[in-house]
Amino acid sequence: MNRTLNAFIKKELAQTLRDPRMRVILFVLPMVQMTLFGFAISTEIKRLKLAVFHDPGDRAARQLTERFYSADWFLRVEPEGDDPLRLVRSGRADAALVIPAEGLTRSLARREATVQLILDASNATKARVAESYVSKILATARRGPEPPGPFQLDVRVLYNPTMESSVFLVPGVMSMILCLVTIILTSMSMSKEKERGTFEMIISAPLENWEILLGKTVPFVLIGMLDTVLILLAGTLLFDVPVRGELWKLLLAAFVFVVTTVTIGILISTISKNQQQSMLGSFLFVFPATLMSGIMFPVENMPKTIIVVAYLNPLKYFVTLLRNILLKGGDPWVLWSNIGVLLLMAVATTALSFRRFHQTLN
Amino acid sequence: MSPAAVEVMELTVRFGDFTAVDRLSFAVERGEIFGFLGANGAGKTTAIRTLCGLLRPTHGSARVAGLGYEDGGRALKGRVGYMSQRFTLYDDLTVDENMSFAAGLRKLSPEVLARRTEELFEFIGLTAPRNTLVRHLAGGIKQELALAAAILHDPEILFLDEPTSGVSPVARIRFWKLIRNLTEKGKTVIVTTHYMDEAEQCGRIALMRSGRLIALDSPAELKERTFPEPLLELDAQGRDPDDFLNTLRRNPGVIDVQPYGSRHHVTVRSSSEEAVLSSVPAGMSLRRIPPSLEDVFLRLVEGKDR
């Protein structure tokens, strides 16, 4: 058995590392993805275009306006004419703040100041963030020099004190890449054998089903672990993602996850007839898996029926594991429960692909 | 050891409603070169794949090297070599890497691998460096290498499915020399082919049509049996043979007239041979020829479709 497995490992490594397309998938794709998510994409929204409409003689309004532009959140857009709607509709401003016509100084004196905020919600995320910034600034402005009220909120932000989205996103992207790469590699390699006819040489040898399945699994687990190390190095060195948990926890979690995804790849290949179908099958799995993993959107907010599906998603457990180990240091309960679920999944997919795998051509 | 290398009884293989191999029965002796001849889709490949353990018989039985399919065909697979009509080596691996993967599949030790590759590379006369990627080798050399990989574990029975398709004529001659060398060493070779000159080199030929065995004999016997009467070849030498052909077709002493390239092959009753030969118009030639396998093939396989 050792000889057969050895032969498969040598062969798959040689083929994968020699193929320029596979090298791109293994080494370039992860870097491009991480750069995109780490640097370019950010859930923090800054530099919103805001126009404030007020009477130039209104002192309180002028002071308030200065507060808006003093932070990095808003960019000054000069109000033109007296139609804030037009400014927002044309896209020259994301938001317009309209001070009452009598002036802020006078209405504050009557303690009845109502300002109007006009928001462009064609991008709902942006609008929501703009609204929360504006209300925060208004709240601090209202408190002003007066003594604080009975409650004061003292906020302490844990694990990611500056709330940088890259620290949150990069572990997510790492798991997404690992999922994509291992599933594509494994399923494509198996269907390539069938497409080219080399599968006939394998099944003409006196091998048990499990020997062939193991031979097509173990090499890709190894390649997946190699990619894990690469992705971890890039994530920590380039994107300053902290590694607070022990390395063995990280590698163990990655190993169990890679075993799960590789067996999913085998399962996909037992359903597909050629490489294209395998590629399509892999994407059909990876896209919903990514969306429902909690990498970008929290799973807890999804409708109940969808949550059931989300809980069948191995990526969800690995993202949880990776964030917990990297950012929080790896809580034992989180570690073992998530690894346990992943192991169950690996066993289930292995059993399924074992049932679907045939050595005969009938 | 069972006396026959392969024994097939009423072997039937179906894919759904389609019967690819229909009640096939024959036996192959040790040391024989046994050829399967037939049109595409006649069931040759299915028969071979079944005998190699890649397919299961739907009905009937087959014993290969005395073994059946009880254990999933694994023992059987250990005793035979199979060279598919598809190229089964890895284009993106080197010569050596391919051989060592083939050895791994058969669990051969590194010593056996080293010894056998040495022997086999000498046997096939491989001159290319062993670290060449297989995709850079010429077609004929690739086929010889595939043969070497198929017999790496020294099987007693070798199945070759159209081993020389798409290979140059010179490479085909070389390849058949290798096949004969193997049978001289006591190996049994079962081969399918499209080429009549290759079929001539088989000890016996099984002619297949629509999954059925329609004839099985040595090339000489096949010719004798299919053409017990004299076969004549008409060469019109540029003249219009139609009038003469019509006369021949009306002649009760003529059994069959078949176009054969620019010529015609005419089967006649022995008693009418002289009369027909002397009736040839001036300027055309009509002479007795020995039947070729192609005549046999046309008569037996294609003839029935008409």
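Rules behind the numbers
Residues numbered from 1 in each chain as written. Chains lettered and ligands numbered in written order. Predicted model: local features only at pLDDT ≥ 70, side-chain atom pairs only at ≥ 80, totals over all residues. Heavy atoms only, no water. Helix = DSSP H or I, 4+ residues; strand = E, 2+ residues; numbered from the N terminus. Buried < 20%, exposed > 50% of the residue type's maximum accessible area, 1.4 Å probe, protein only. Contact = heavy atoms within 4.5 Å. Core = buried A, V, L, I, M, F, W, Y, C linked by side-chain atoms within 4.5 Å. Pairing = 2+ DSSP bridges. Axes fitted to C-alpha atoms, helices over the stretch in contact; angles between N-to-C directions. Expected span 1.5 Å × (residues − 1). Buried area = accessible area lost by both parts, 1.4 Å probe. Salt bridge = Lys/Arg side-chain N within 4 Å of Asp/Glu carboxyl O.

Draft legend 1. Quick peek at the overall build of chain B. Counting secondary structure elements, chain B contains 11 helices and 13 strands. In terms of overall dimensions, chain B has a C-alpha envelope of 70 × 45 × 35 Å along the principal axes. Looking at the 306 residues of chain B, the share that counts as buried comes to 54%. Contacts spanning at least 24 positions in sequence make up 71% of the contacts within chain B whose residues lie at least 6 apart.

Draft legend 2. Structural detail: the nonpolar core. Membership of the largest hydrophobic core comes to 96 residues, with the highest contact counts inside it found for V6(B) and F159(B). Not counting residues within four places of it along the chain, the set of residues in contact with V6(B) comprises F26(B), A27(B), V28(B), L51(B), R63(B), V64(B), I157(B), F159(B) and I190(B). Grouped together as the second largest cluster of nonpolar side chains are 54 residues, I25(A), A253(A), F257(A) and V286(A) included.

Draft legend 3. Focus on the sheet that holds strand 3 (residues 95-98) of chain A. Residues and elements named next belong to chain A. Spatial strand order, 2-1-3-4: four strands in an open sheet with mixed pairing. Both outer strands of the open sheet, strand 2 (74-76) and strand 4 (116-119), are each paired with one neighbouring strand and no more. Mean inter-strand twist for the sheet, computed between neighbouring axes without regard to direction, equals 30°. The pairing of strand 1 (residues 48-53) with strand 3 spans four bridges and is classified as parallel. Within the sheet, the bridge partner assigned to A51 lies in strand 3 and is A96. Against the sheet, helix 3 (residues 59-70) makes contact with strand 1, strand 2 and strand 3, and its axis sits at roughly 120° relative to strand 2, the strand it touches most.

Draft legend 4. Looking closely at helix 13 (residues 314-328) of chain A. Residues and elements named next belong to chain A. Look at helix 13: 21 Å from first C-alpha to last across 15 residues, which is about the 21 Å you get at 1.5 Å a residue. Buried residues dominate helix 13, accounting for 13 of its 15 residues. One or two steps after helix 13, the chain reaches G329, where phi turns positive at roughly 95°.

Draft legend 5. Looking closely at the interface of chain B and chain A. Across the contact, 30 residues belong to chain B and 30 residues belong to chain A. Around 2,800 Å² of area is buried between chain B and chain A when both sides are counted, 56% of it from carbon and sulfur atoms. For the pair chain B and chain A, the interface holds five salt bridges. For R49(B), the salt bridge identified is with E200(A), shortest N-O distance 2.4 Å.

The values reported here are purely geometric and, on their own, carry no functional implication.
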